[in-house]
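Tertiary structure, described
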Amino acid sequence: MAKFIIRNDDVACDTELEEIKLFCQICDKYGYQIIQAITPIGEARKIKSGKMTNDQIRASSARLFSANHQVLAYLQARSDLIGVHGLWHTHSPSVEEITTAKLILQGLGLTPTYFVPPFNEGNYPMEVDGLKTCKLAEKLGQRLEDFLDTGTPTSPIMYLHSWRFAHGWYTFDKLEQCLHRLAHDQIKPGV
């Protein structure tokens, strides 16, 4: 089985340098390519529920990703794929919002190649403003978080949220054990 790409959702102004560095180091150790799905405006962790309205999400924070100088510099120095994760982390962003977010990220020296719909919502074509749409379906088993203990992902792109590993949802040890297990599953004799 070929390795899948790991999509890291919710990279934003509130992303902590040490947590994203540890996440990337673990993925790099096992040879996984990463899509950093970035939201240019707002704090991802202030979104407490997918039931928040777009107005509530926009009102929760106007902080800019560009102000997170350490994380920005770290990502600029890496060769990860970049995804536009909305302008804010709102439901079904408009094409204008996607284009604005793309321009903001390009202005920061990042080159988006994907559009990653927040909440995996909306009906988008395969490409939006030159960005490949990367909408995944939870029902198809595309959340890497569901494979931390057992199972083998089969989708070409699996998604998760690096910040959840530093804030009590999961642990970085769990991610390390998962990728270690998957790497060893791929190296079976006679395969």
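**Topic: the overall build of the protein**
Within the protein, the regular secondary structure consists of 5 helices and 7 strands. Written out in order from the N terminus, the α and β elements of the protein read β-α-β-α-α-β-α-β-β-β-β-α. A compact globule built from 191 residues should have a C-alpha radius of gyration of about 16 Å, and the protein, at 16 Å, falls within 12% of that. Along the three orthogonal principal directions, the C-alpha set of the protein runs to about 55 × 35 × 30 Å. Once local pairs closer than 6 in sequence are excluded, the contacts in the protein between residues at least 24 apart make up 69%. Put simply, the protein shows about 9200 Å² of open surface, and 54% of that area lies on carbon and sulfur atoms. Side-chain charges of the protein comprise 20 positive and 22 negative groups, with the mean position of each set lying 3 Å from the other.

**Re the packing of aromatic side chains**
Applying the stated criterion across every chain yields a total of 5 aromatic pairs. Consider the rings of Phe-4 and Tyr-32, whose centres lie 4.8 Å apart with planes at 35°: the pair is tilted. With Phe-4 in the segment before β1 (5–11) and Tyr-32 in the loop between α1 (17–29) and β2 (34–38), this residue pair connects regions lying 28 residues apart in the sequence. Here Phe-4 falls in the buried class, since its relative accessible area comes to 3%. On the basis of relative accessible area, Tyr-32 is assigned to the buried category, the value being 4%. Taken together, a centroid distance of 5.3 Å and an interplanar angle of 35° make the contact between Phe-165 and Tyr-170 tilted. The exposure class assigned to Phe-165 is buried, which follows from its relative accessible area of 3%. Every member of this aromatic cluster is reached through a ring pair, and the members are Phe-165, Tyr-170 and Phe-172.

Quick notes on the rules
- Residues numbered from 1 in each chain as written.
- Predicted model: local features only at pLDDT ≥ 70, side-chain atom pairs only at ≥ 80, totals over all residues.
- Heavy atoms only, no water.
- Helix = DSSP H or I, 4+ residues; strand = E, 2+ residues; numbered from the N terminus.
- Rg over C-alpha atoms; globule rule 2.2 N^0.38 Å.
- Contact = heavy atoms within 4.5 Å.
- Areas by Shrake-Rupley, 256 points an atom, 1.4 Å probe, with all protein chains shown as cover.
- Lys, Arg positive; Asp, Glu negative; His and termini not counted.
- Charge placed at Lys NZ, Arg CZ, Asp CG, Glu CD.
- Phe/Tyr/Trp six-rings, centres within 6.5 Å; stacked < 30°, edge-to-face > 60°.
- Buried < 20%, exposed > 50% of the residue type's maximum accessible area, 1.4 Å probe, protein only.

Structural measurements only, silent on function.
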